Amino acid sequence: MSEYKPPKNEKEFEQNFDQIKPVMNKTEAIFESSRCLFCYDAPCVKACPTFIDIPLFIRQINNGNVKGAAKTIFYSNYLGNTCGKVCPTEVLCEGSCVYIKEGVKPVEIGRLQNYATNKAITEKIKIFSQGEPVKKKVAIIGGGPAGLSCACELRSNGIEADIFEGKSKATGLAIHGIAPYKIANQEVDDELEYLLRQFGFKIHFNHYVHGVEELRKIEKEYDAVFIGVGNANTTMLNIPGENKKNVVGAIEIIEQLRKKHHKTVFGNKVVVLGGGNTAMDAASEAARMGSEAVILAYRRAKADMKGYEFEFDLAKRVGVKAYFNVAPVEILGDEKVTGIKFIKTKSENGVITNIQGSEFTEECDMIIKATGQSRHFGLLHNIENLETDEEGRVIVNNEFRTTNPKYYAGGDAVNGGKEVVNSVAEGKSAGKNISKILLNKTLSLTLNT
Amino acid sequence: MSSLKSNFAGIKSPNPFWLASAPPTNSGYQVMRAFDKGWGGAVWKTLGVPIINTSSRYGAVNYRDKRMVGFNNIELISDRPLSDNLRDIEEVKKYFPEHAVIGSLMVETKQQWHQIIKDVENAGVDGIELNFGCPHGMCERGMGSAVGQEPNVLTQIVSWVMETAKVPVIVKLTPNVSHIEEPAIAAKRGGANAVSLINTIQSIVGVDIDNFVPYPVVDGKSTNGGYCGPAVKPIAMNMVKNVAKIPGYNLPISGIGGIENWRDAVEFILLGATNVQVCTAVMHYGFGIIREILAGFEQYMDEKNFSTVDEMIGKALPNILHWEELNLNYKVIAKIEESKCIGCQLCYIACEDGAHQAIGLPGNPDSRIPHIIEENCVGCNLCSIVCPVENCISMVRKDENKKIINWQERTAQGNIPVTFDDKLAGGVGHYIPEPKEAIAYRLK
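Residues numbered from 1 in each chain as written. Chains lettered and ligands numbered in written order. Predicted model: local features only at pLDDT ≥ 70, side-chain atom pairs only at ≥ 80, totals over all residues. Heavy atoms only, no water.

## Some remarks on the overall build of chain B
- Assigned secondary structure in chain B consists of 14 helices and 20 strands.
- Projected onto the principal axes, the alpha-carbon positions of chain B cover approximately 80 × 55 × 50 Å.
- Within chain B, the proportion of its 444 residues that are buried is 50%.
- The long-range share in chain B, meaning contacts at least 24 apart out of those at least 6 apart in sequence, stands at 69%.
- A total accessible area of about 22,100 Å² is found for chain B, and carbon and sulfur atoms account for 52% of it.
- Within chain B, one finds 41 positive and 48 negative side-chain charges whose respective centroids are separated by 1 Å. (Helix = DSSP H or I, 4+ residues; strand = E, 2+ residues; numbered from the N terminus. Buried < 20%, exposed > 50% of the residue type's maximum accessible area, 1.4 Å probe, protein only. Contact = heavy atoms within 4.5 Å. Areas by Shrake-Rupley, 256 points an atom, 1.4 Å probe, with all protein chains shown as cover. Lys, Arg positive; Asp, Glu negative; His and termini not counted. Charge placed at Lys NZ, Arg CZ, Asp CG, Glu CD.)

This is how it looks when you write it as C-alpha cells:
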C-alpha cells in the first residue's frame, strides 16, 4: 500500500484528498449537458429526495441560462451545491439515468448541478427573497442540513428563524462528517454564507440546547420549534480494551480531519470496524492520510454491507483491504492499542453466530469504530411528551410534527441517519408545514415545486 | 475494382470531389495543398474586379455541443488582383495537370466577360463556373444572385459567355428563388454545359441579444449573409433532385450544400449529381477530411458493385414521385422492442403532445416501457425518430393483401373527401381524447 504519503502541509493534504467531483468548466458543462435526453417523467427526478427538476436545469445549462439552472436547483434544494458534491448520485439521480440501461455512462448530474450552483454562489447571484414579515418566530435546534433547510423555507414565508447550533460551525455533517475528497470546507462555508445573506436567519453558535429550563424558555418565546439535531457520538462496542488510546469513533476522527486536515494523526496500521458508508469513508481517509495498512473489518458478509458498492470501490482503490464475517472481541495493548482480537462469524438468514475457536489477532496501532451513533437523548428526554421509537428516533407524522405539537423534527434525528439530501428534503417539508400551520392558510408558494 | 475517375461535362478529374469556390480556393498554395491531400478538383475563389472585405465575415449556428452545424458569410469574391490569381492557376496546372481547376467568374459587362474568359483559359483552367449565386454584397451591384434570380438576364449572360468560351461552362445557381427549375432551364437555354447548385441561402444565423445586433458583427452593425454547412444539405438535395427531374434536361449537375462525408456525397449523386463540391467542412476541419470521403465512397461502390461513379448518378430518382402518386393503402405501425427500450419515454411524450396519442405508459410503476396503441397509430415515424436507441422502435407493415391505390386514382374514382365534414376524411374513426381530458388533473 502506502500509495499516499502522510501529508506534511496543506498542499500535500489537498493532493491526497483531491476532489473526486471537481467543478466543471464551461466546455465540459456544454458537452455533458448535451447528452441529457430530457426524458419524460424523468427517473432521475423521482430518485432525488428533493425532486429537483434535473432535465430542466440541464437544459438550462445547455442553453446558456446557468442562473436559471441554479434557481431550478436551489428552489427545490436549499443546499443544492453541497448535495451536488456529497450526494451518492451513483445510487440516486445518476443511478437511475436511462443511459445505464443501454450500457452508456450516465449523465454526470451531480457535477452539472455544481456547475450551476457554484456559479450562483461565487458570483453572489441573488435568487431568493424573504417573505413579508408575519410576526412569527421558530426556534431551530441544530444547524445542520435539516435545520438550515427548514430555516430557509420559513424565511421565504416571512417567519423568523433562530438556529441554535452546538458547535462553532453550522451545516452539520456537511462540514464535519463528509470525506474531504467529496467537498472542501470552503465550498460548504460559501454556500452557508450565500443562504444567510439572502434569507437573513440567525445562527447562535456554540449554543448547545438541551436543558429543561432553556427548553421551556424557548417554548415560550417561539411559536414552534424544529429539532434537527442529527445523531450523537459513536456508540460503545462494550468489549474489553475499548478505552485504550487510539481507539476512536469514525464520526469523531472525520470531524477532526475536516478541522485539522494534515495535522490529524492516524495510525500506521488502522483497523476500521463497520460496514456502512461511514466505515468506507474512514478507511479511505486513513489510507489517504498515509497509513501503511488499512483493514475494514465487518461482522457480517460482504452482501450484507450497508455501504454503497461505489463507496467500497473508492476505499479499495486507495488500497483498503476488507475482512468479512469477523467480530471484534477484545482490544489489545497496554495504555495504547497494539492489536485487536477477532472471532470469525457466519451469517445464516440474517442471523450471525460466532464460530467457536476461530479467534485470531490482528496487529494494529489504531482502531476506528464506525459501528453506529448514539442519539441526543439528553435533549430528547427533556421535551415533554416527545416520543421516540425503539431505536431512539424521534417519531413524527407526515407533516414532520412530533408527538409534542409545539415541536417538529427532521433529518437524522428522525430517519436514523441518511444522506444530507434526505435531511434537506425533510427540513424543507417541515418548514413548509410549520409555515402552513403558523400562517393558518394554504400557501401558494412560488418557491415550491 | 471500382474507379473514382470523373468526367464532368468533359472536365476530367481523378475523383468527383471538388472544392467549391470559396476561401479554401483563394490561392495556389491552398489548392496545391488540397490536391496533395487527395481532392480531385477545385473551383477557384470567384475572380472579377477585386473587392474589399469587411472584418469580421463569418457567423455560425451551433447546436448543443456541435459547432458550425450551419455557417454563414458576408465575404465577397476574390480580393486579390486578377494577375496574381492567373499566375497561381498556371502554377497549379503545371504541378497537377490531371486535376480539375475551374475558374469561377463574376463580372458585369459583355466585354468584361469576354476578356476574363480569355484570361483564365490562357492560364489553363479546365472549365469555367459562372457565379450567379452570391446572395450578399455582389447582388446589390447587379451581379451574383441578382443575375441568378432573373432567368432572362441569366440566359443573356450565359450566351455572351458561350460566344467565346472554349472550355466547358458551368452555371452556379442561387437557391434564393421560388423555383430552382427556372434558372436551371435559363442556363441551358443560354447554352451552358452544366449547372452547379446550391450557392448559399440568404440568412441571419443569430442575434447578439445583449447588443441587439445579428452576427457577424461589423463595428456594431451587421447584414444578412449566405447560409451553408450541414444544416442546408436537405434543401440543397431537394433542389438538385428538382433540377435532375426536369424532363429532358440532361445537363450534368455539380451538387453543393453541406457535404462533409462520404455518405453525403453518395446521397447527392444518387439524387442526380455527377460530382460534388465541398467548402464548409474544409473550412471547419481542413483538407484532410477527403481521406474519410474517399475511403467511405470507394467502400460503398465496392459493396454495391458500382464500377464507375456514373453508374450511381440519379439511382434514387425513379423512387421520388409526386405526393399524389404514393400508395395510400400502405400502412405501417410502430413496434417497440422491449428488450432494447431504456425507458426515456420520449416516444410517449412525442406522440402524446406532438402526434396521435398512440403510445401508452405502463400501468405498473416498476416498468417504464411504453406500448403502442395500435388502433391509434398512423405510422407517422415520429416515435422511431425520437427514440435514442438504435433499432428499438421499428415500423412494421400492416396492410397485407390490400391493393395499391394513390390519390390520383382515388380522385378518378370520386373516392375522396370533398365537403368540410366528409365521412371519407382520413381521420374519421381515429380515437382522439375529449379536449377537457387535457386538464382533467386540474378539475379533480
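And the narrative resumes.
## Things to note about the overall build of chain A
- Each helix and strand in chain A was counted, giving 17 helices and 14 strands.
- Relative to a compact globule of 449 residues, whose C-alpha radius of gyration would be 22 Å, chain A shows 23 Å and is just as compact.
- For the C-alpha atoms alone, the extent of chain A along its principal axes is close to 70 × 55 × 45 Å.
- Residue burial in chain A is summarised as follows: out of 449 residues, 56% are buried.
- Residue pairs in contact within chain A that sit at least 24 positions apart in sequence constitute 71% of those at least 6 positions apart.
- Accessible surface computed for chain A: about 19,300 Å², of which carbon and sulfur atoms make up 49%.
- The average position of the 58 basic charges and that of the 56 acidic charges among the side chains of chain A differ by 3 Å. (Rg over C-alpha atoms; globule rule 2.2 N^0.38 Å.)

## Remarks on the sheet that holds strand 16 (residues 275-278) of chain B
All names here are of chain B.
- A barrel is described by the order of its strands in space; here eight strands give the closed sequence 3-4-7-8-9-10-15-16, paired in parallel fashion. Strand-to-strand twist of the sheet, defined as the mean angle between neighbouring strand axes without regard to direction, takes the value 25°.
- On top of the sheet, helix 8 (residues 262-270) reaches strand 3 (17-19), strand 15 (253-256) and strand 16; it is set at about 135° to strand 16, its chief contact. (Pairing = 2+ DSSP bridges. Axes fitted to C-alpha atoms, helices over the stretch in contact; angles between N-to-C directions.)

## Observations regarding the interface of chain A and chain B
- Tallying the contact residues gives 17 residues for chain A and 14 residues for chain B.
- A buried area of about 1,300 Å², summed over both sides, lies between chain A and chain B, and 58% of it is on carbon and sulfur atoms.
- The largest share of the area that chain A buries against chain B comes from Leu37, Tyr40 and Glu102 of chain A, three residues that together contribute 43% of it.
- Across the contact surface, chain A and chain B share zero salt bridges.
- Inspection of the chain A/chain B interface yields six residue pairs in polar contact (both at pLDDT 80 or more).
- Elements with a contribution of two residues or more to the side of chain A that touches chain B: helix 2 (26-34), helix 3 (43-47) and helix 4 (54-62) of chain A.
- Here the side of chain A that touches chain B takes three residues from helix 2 of chain A, the largest share from any one element.
- Residue composition of the side of chain A that touches chain B, grouped by class: 10 nonpolar, two polar and five charged. (Buried area = accessible area lost by both parts, 1.4 Å probe. Salt bridge = Lys/Arg side-chain N within 4 Å of Asp/Glu carboxyl O. Polar contact = N/O pair within 3.5 Å; in protein donor to acceptor, adjacent residues only side chain to side chain. Nonpolar A, V, L, I, M, F, W, Y, C, P; charged D, E, K, R; others polar.)

## Regarding the side chain of Glu129 of chain B
Residue and element names in this part refer to chain B.
- With respect to the element layout, Glu129 can be found in strand 8 (residues 127-131).
- Salt bridges are absent for the buried Glu129, whose nearest opposite-charge side chain, Lys172, sits at 4.2 Å.
- At a separation of 2.9 Å, a polar atom in the side chain of Glu129 contacts the side chain of Ser196.
- Sequence-distant contacts of Glu129, defined by excluding residues within four places in its chain, comprise Ser21, Val43, Ile102, Gly103, Ser104, Leu105, Ile170, Lys172, Ser196 and Gln277.

## Section: the sheet that holds strand 2 (residues 160-164) of chain A
All names here are of chain A.
- Spatially, 3-2-1-4-14 is the arrangement adopted by the five strands of the open sheet, whose pairing is parallel. Taken across any chain shown, the strands that pair with only one partner, and hence form the sheet edges, are strand 3 (202-204) and strand 14 (407-409). Across this sheet, the average inter-strand angle for adjacent strands is 25°, counted without regard to direction.
- Note: strand 1 (residues 137-141) against strand 4 (residues 224-227), four bridges, orientation parallel. Counterpart to Val138 in the pairing with strand 4 is Ala224.
- Together, strand 1, strand 2, strand 4 and strand 14 form the strand contacts of helix 11 (residues 212-221), whose direction differs from that of strand 1 by roughly 150°.
- Helix 17 (residues 420-438) rests against strand 1, strand 4 and strand 14 of the sheet, and its axis sits at about 170° to strand 4.

## Observations concerning the nonpolar core
- One finds Ile54, Phe57, Ile140, Phe201 and Ile434 of chain A to be the most contacted residues of the largest nonpolar core, which totals 92 residues.
- Beyond its immediate stretch of four places on either side in the chain, Phe57 of chain A contacts Ile52, Ala69, Thr72, Ile73, Ile109, Leu112 and Gln113 of chain A.
- If you look at the next biggest cluster of nonpolar residues, it comprises 81 residues, including Phe17, Ile180, Val266 and Val276 of chain B. (Core = buried A, V, L, I, M, F, W, Y, C linked by side-chain atoms within 4.5 Å.)

## Notes on the packing of aromatic side chains
- Summed over the entire model, instances satisfying the criterion amount to 22 aromatic pairs over all chains.
- The side chain of Lys344 of chain A reaches across the aromatic face of Phe360 of chain A, ending 5.9 Å from its centre. (Phe/Tyr/Trp six-rings, centres within 6.5 Å; stacked < 30°, edge-to-face > 60°. Lys NZ or Arg CZ within 6 Å of the ring centre and 35° of its normal.)

## Describing a nonpolar patch on the surface
- A surface patch of nonpolar side chains, about 490 Å² in accessible area, is lined by Leu321, Trp323, Leu326, Leu328 and Trp407 of chain B.
- By secondary structure assignment, the location of Trp323 of chain B is in the loop between helix 10 (290-303) and strand 17 (332-336). (Patch = residues over 30% accessible without salt bridge, like charges linked within 9 Å, V, L, I, M, F, W, Y side chains within 5 Å.)

## Topic: the pairing of strand 7 (residues 293-298) of chain A
Residues and elements named next belong to chain A.
- Counting buried positions over the six residues of strand 7 gives five, a clear majority of the element.
- Pairing analysis gives five bridges linking strand 6 (residues 269-273) to strand 7, with the strands arranged parallel. Counted as the bridge partner of Leu273 is Ala297 from strand 7.
- Note on the crossover from strand 6 through helix 13 (residues 277-288) to strand 7: the handedness is right-handed.
- For the handedness criterion, the β-α-β arrangement of strand 7, helix 14 (residues 309-317) and strand 8 (residues 321-324) is classed as right-handed. (Right-handed = clockwise from strand over helix to strand, strands pointing away.)

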